[in-house]
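Here is what each chain is made of, one letter per residue.
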Amino acid sequence: MTKYMMTLAGALAIAAAPFATMAIAQTAKPASALQFVTEQPATEWLAHVFFGAKVHNAAGEVIGDINDLVFNRSGQINIVVLGVGGILGVGEKDVALPYSELSFKAGPDGARIIVVALTKEELALAPAFKATEKTSYEAMKDKAVQMGKQASQKAVELKDQAVKKVEGMTTEVPKKP
C-alpha cells in the first residue's frame, strides 16, 4: 500500500506542475503596473559606453581596451574582457579578469578613466579568454564561411569533371564520313 501511495503522490505532483506554473504566470504584473525608467540615472553607466574604452595601468599607460562584459544569471557584470597586444586590433588577444579588478577615476577634463593594476607584460603573459557564446552576427559569419568552403569544394569538383570531359572529347579520334 505504501508503494501505491508514493506512486500516487508522484503522479499528483507531476500533474499539478502545469497548474503551479499557471498560478505564477497569473501573478505577474501587467505592463501598466510597471514603473518605466525614462532617463539614465546620473550614478549609473551604459554598457555600450565601455565597449572599446581604453584601459590604463597605474602609470597611466594604455594597456588595452574593453572588448566585452560577461554578466551572471542575476544580471551583474562579473568579468571584463580586455583586448591586449597587437597593433590596431591585429594580433590582439582577449584576456578576461574579474570586473572587481577595475577601478575608475576622473581625468582632468572629468572624463572617466578605467584603471587596472597590471602591466602590459603581465597581460601579454595572461592566458587567452575563449567565449563559448556567439552573437547572431558571429553565428551567421561562421555559417557563411562554412558555405563558402563548401561552394569552393564543389567548384573544384565541377572543374575537374569539366577537364575530364574536355580531355575525353579531344583524345577521341574523329570518325571519317
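Residues numbered from 1 in each chain as written. Predicted model: local features only at pLDDT ≥ 70, side-chain atom pairs only at ≥ 80, totals over all residues. Heavy atoms only, no water.

Student: How do you make sense of the overall build of the protein chain when you look at a structure like this?
Tutor: The helix and strand inventory of the protein chain stands at 3 helices and 6 strands. Walking the protein chain from its N terminus toward its C terminus, one meets helices and strands in the order α-β-β-β-β-β-β-α-α. Taken over 177 residues, the protein chain has a buried fraction of 14%. Residue pairs in contact within the protein chain that sit at least 24 positions apart in sequence constitute 32% of those at least 6 positions apart. Accessible surface, the protein chain as shown: approximately 14600 Å² in total, 62% of it carbon and sulfur. (Helix = DSSP H or I, 4+ residues; strand = E, 2+ residues; numbered from the N terminus. Buried < 20%, exposed > 50% of the residue type's maximum accessible area, 1.4 Å probe, protein only. Contact = heavy atoms within 4.5 Å. Areas by Shrake-Rupley, 256 points an atom, 1.4 Å probe, with all protein chains shown as cover.)

Student: I tried to follow the confidence of the model for the protein chain on my own but got confused; where do I start?
Tutor: Reading fine detail from the predicted coordinates is not recommended where pLDDT is low. When the pLDDT values of the protein chain are averaged, the result is 81; 78% of them are 70 or greater. Contacts of residues 1-24 to residues separated by more than four positions or lying in other chains number 0 contacts, the stretch itself having pLDDT below 50. (pLDDT = per-residue confidence, 0-100.)

Student: Would you take a moment to explain the nonpolar core for this structure?
Tutor: Inside soluble globular proteins, nonpolar side chains tend to come together where they are buried. Counting residues in each nonpolar core, the largest one holds 16 residues, and the members touching the most others are Val-55, Ile-66, Val-80, Leu-82, Ile-114 and Val-116. Listing elements by their share of this core, those giving two or more residues are β2 (62-71), β3 (77-84), β4 (93-98) and β6 (112-116). (Core = buried A, V, L, I, M, F, W, Y, C linked by side-chain atoms within 4.5 Å.)

Student: Where do I start with the packing of aromatic side chains in this structure?
Tutor: Two aromatic rings are characterised by how far apart their centres lie and by the angle between their planes. Inspection of every chain in the model, using the stated rule, returns 4 aromatic pairs. Each ring, one from Trp-45 and one from Phe-50, has its centre 5.6 Å from the other, and the planes form 50 degrees; the classification is tilted. Phe-50 sits in the buried class, given a relative accessible area of 4%. Measuring from centroid to centroid gives 6.2 Å for Tyr-99 and Phe-104, while their planes differ by 45 degrees, and the two rings are tilted. Residue Phe-104 is classed as partly exposed on the basis of its relative accessible area of 29%. Lying over the aromatic face of Trp-45, Arg-112 brings its terminal NZ or CZ to 4.5 Å of the ring centre. A cation over an aromatic ring shows up here: Arg-112 above the ring of Phe-50, its NZ or CZ 5.2 Å from the ring centre. (Phe/Tyr/Trp six-rings, centres within 6.5 Å; stacked < 30°, edge-to-face > 60°. Lys NZ or Arg CZ within 6 Å of the ring centre and 35° of its normal.)

Student: Is there a simple way to explain the sheet that holds β6 in this structure?
Tutor: Each strand in a sheet pairs with another by means of backbone hydrogen bonds, the pair being arranged parallel or else antiparallel. Spatially, the 6 strands line up as an open sheet ordered β4-β3-β2-β1-β6-β5, and their pairing is mixed. Each edge of the open sheet is held by one strand with a lone partner, namely β4 and β5 (102-106). In this sheet, neighbouring strand axes are inclined to one another by 45 degrees on average, regardless of whether the strands run parallel or antiparallel. Across 6 bridges, β2 lies against β3 in antiparallel orientation. The residue bridging Phe-71 from the neighbouring strand is Ile-77, located in β3. (Pairing = 2+ DSSP bridges. Axes fitted to C-alpha atoms, helices over the stretch in contact; angles between N-to-C directions.)

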